[in-house]
Amino acid sequence: MQLSDRELWLAANSIPERQDNGSIIWSGFITDISDKKQAEARIHQLAFYDELTGLPNRRLFADRMRQALVASARHQVYGALLYMDLDDFKSLNDTLGHSFGDTLLRNLAEIITRNFRETDTVSRLGGDEFVMILNDLGTSEEAATKNAHQMAESLLEALSKPIYLKNHQYKCEASIGIALFKGVGQPQEELLKRADTAMYEAKSAGRSVIRFHDSEVQSVLAQRFRLESQLRQAVERQELSLAYQKQVGLDGGATGVEALLRWQHPEQGNIPPSEFIPIAESNGLIVPLGLWVLETACQQLALWQSMPETQHMRVSVNVSSKQFYQPDFVESVVRALQQAKSAPTGLCIEVTESMVLDDLDNAMAKMQALRVYGIQISMDDFGTGYSSMAYLSRLPFDEVKIDKSFVQMADTRENSNEWIIIETIITMAHKLNMHVVAEGIETLRQHELLAAMGCDYFQGFYFSRPVDLDTFNHSLQSMR
Ligand SMILES: Nc1nc2c(ncn2[C@@H]2O[C@@H]3COP(=O)(O)O[C@H]4[C@@H](O)[C@H](n5cnc6c(=O)[nH]c(N)nc65)O[C@@H]4COP(=O)(O)O[C@H]3[C@H]2O)c(=O)[nH]1
């Protein structure tokens, strides 16, 4: 029962008694059991929650951990255990007293809880040690590592804001150890020990440090962070360049090139795009990098267009999803063309199927706007995604690029389903007035088979690897 100012728990006991006329009268008594209920709630609170902060205690943590492991196994997703320990709590407790320490811990509990999602668990195992269970961090180890690291970083940032307590300003620093988990394979105690060990490693490495238990994960992460900061300076240091891979027509003559980004790292040498482009995509750096690629490719296009022997050459440029969905993407492409004084018909923008399907209407509007200028659009990596014929017919593409994995798969099994699919793609693309490029041609046989199927253009190591500009121009001259 809810009274105006408090909740009242009542227990009713009554016995039915049948009367002579057949009716039933209940007689009994009602007892106020509010005190008992409160005592039960208090016992539950004491059993499962930390008295000082109100956070789940070790017992409830163990139960949530069990649930997290089962859920992770069922959905095949990664989770992580974050073990956090304050960097100078002991000395603070000793100098400012335990009551100050307690108030600080209560404040921190609130800050930590605010920093995580409702589906995560924030618990206090004792002293200044907090352990968090993070669920649903992704299906790949890489995504989980990144997500767990981001969440730990954002926690450190939230903790670093000054807290004002009893005339003291306190800026918190903490060490965090992380252990990833997936499925029920690892015993709970083992996982906790791993996160704890990682936390000790973090502590010995300095203040406000995050460490993963798995040394391999840690070194991949360290390399990623190193690359990330170096990539920021790569444009200014002129470490980036474009490689050009030619595309040929049926007669073997070069009809165009695909411009591919290259990073010549001063110590590590050539770093493949598969390594640095995902980093640039995740931190937004891909937008300025992509613009640099477009501007450089347009300048080169203008040069080729100014010479009679190369004026027919088309330059294809890859764009990433983040870059494509920038509100001013179309304007930035047009600006790059205008600044370089190159004709828009020589530029081809390569987008992938999954990129377009992310936001179909928006993508369609951008593609139509690009085509108004005469810029061509190619659907890259066709065959790897949904490869929906329905979408292909609705979207304004000029070209379909059959992915290399598809071409190579088909080569190994004659008359395989892959060949049938390739043939269907080619026929359908032609009916939709699109031409077809097969990429990843490595053998004469692949070339001949695809040519026989009606493919229009070809690209692959069989004709040429991607090469630097001088080598490319040289090869053009020697062909004349
Ligand atoms: N095995 C084999 N491979 C072949 C063959 N012919 C070409 N390749 C490789 O296939 C990739 C083709 O580019 P992509 O599918 O667009 O795939 C590209 C593209 O998605 C991305 N990328 C490259 N440059 C840029 C860029 O400027 N911007 C963006 N957003 N992504 C880029 O990185 C990916 C990888 O680029 P690369 O390492 O240069 O790898 C290139 C090229 O070197 C062949 O016959 N056999």
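For the structure, see preceding data.
I will try to describe carefully the structure that is included in this document. Everything quoted here is computed from the prediction, not taken from an experiment.

1. As for the site of the ligand
Right, so step 1: Neighbouring the ligand are 22 residues, the closest being Arg 262, Asn 318, Asp 380, Glu 442 and Phe 461.
Right, so step 2: In the environment of the ligand, an oxygen atom lies 3.0 Å from a nitrogen or oxygen atom belonging to the side chain of Lys 404.
Right, so step 3: Residue Phe 461 places a main-chain N or O atom 2.8 Å away from an oxygen atom belonging to the ligand.
Right, so step 4: In isolation the ligand exposes 800 Å². Once the protein is present, 82% of that is buried.
Right, so step 5: Applying the majority rule of atoms within 2 Å of the grid points places the ligand in the largest pocket.
Right, so step 6: Listing elements by their share of the shell around the ligand, those giving two or more residues are β11 (254-265), α8 (273-283), β15 (376-382) and α15 (404-412).

2. Quick look at the environment of Asp 398
Right, so step 1: Note that Asp 398 resides in the loop between α14 (389-394) and β16 (399-402).
Right, so step 2: For Asp 398, a relative accessible area of 15% translates into the label buried.
Right, so step 3: Through-space distance from the C-alpha of Asp 398 to that of Ile 349 is 10.0 Å; in sequence the pair is 49 residues apart.
Right, so step 4: A polar contact of 3.0 Å, which involves the side chain of Asp 398, links it to the side chain of Arg 371.

3. Here's the deal with the layout of surface pockets
Right, so step 1: Looking at the largest pocket, its volume works out to about 870 Å³.
Right, so step 2: Residue lining of the largest pocket: 35 residues in total, with Glu 258, Leu 260, Pro 273, Asn 318 and Asp 380 positioned closest to the centre.
Right, so step 3: For the lining of the largest pocket, the secondary structure elements donating two or more residues are β11, α8, α9 (286-305), β14 (347-352), β15 and α15.
Right, so step 4: Residues belonging to the lining of the largest pocket are distributed by class as follows: 15 nonpolar, 11 polar and 9 charged.
Right, so step 5: What the second largest pocket holds in volume is close to 480 Å³.

4. Observations regarding the sheet that holds strand β3 (residues 79-86)
Right, so step 1: The strand order β4-β5-β3-β8-β9 describes an open sheet built from 5 strands, whose pairing is mixed. One side of each edge strand has no neighbouring strand; the edge strands of this open sheet are β4 (121-126) and β9 (210-212). For this sheet the average axis-to-axis angle between neighbouring strands, irrespective of direction, equals 20°.
Right, so step 2: The pairing of β3 with strand β8 (residues 174-181) spans 8 bridges and is antiparallel. Looking at the pairing, Leu 81 lines up with Ala 179 of β8.

Reading the values: the criteria
- Residues numbered from 1 in each chain as written.
- Predicted model: local features only at pLDDT ≥ 70, side-chain atom pairs only at ≥ 80, totals over all residues.
- Heavy atoms only, no water.
- Near = heavy atom within 4 Å.
- Polar contact = N/O pair within 3.5 Å; in protein donor to acceptor, adjacent residues only side chain to side chain.
- Areas by Shrake-Rupley, 256 points an atom, 1.4 Å probe, with all protein chains shown as cover.
- 1 Å grid on protein atoms, 1.4 Å probe; cavity = no way out; pocket = protein on both sides within 12 Å on 5 of 7 lines; lining within 4 Å.
- Sits in = over half its atoms within 2 Å of the grid points.
- Helix = DSSP H or I, 4+ residues; strand = E, 2+ residues; numbered from the N terminus.
- Buried < 20%, exposed > 50% of the residue type's maximum accessible area, 1.4 Å probe, protein only.
- Points joined across faces, edges and corners; volume = space filled by probe spheres on them.
- Nonpolar A, V, L, I, M, F, W, Y, C, P; charged D, E, K, R; others polar.
- Pairing = 2+ DSSP bridges.
- Axes fitted to C-alpha atoms, helices over the stretch in contact; angles between N-to-C directions.

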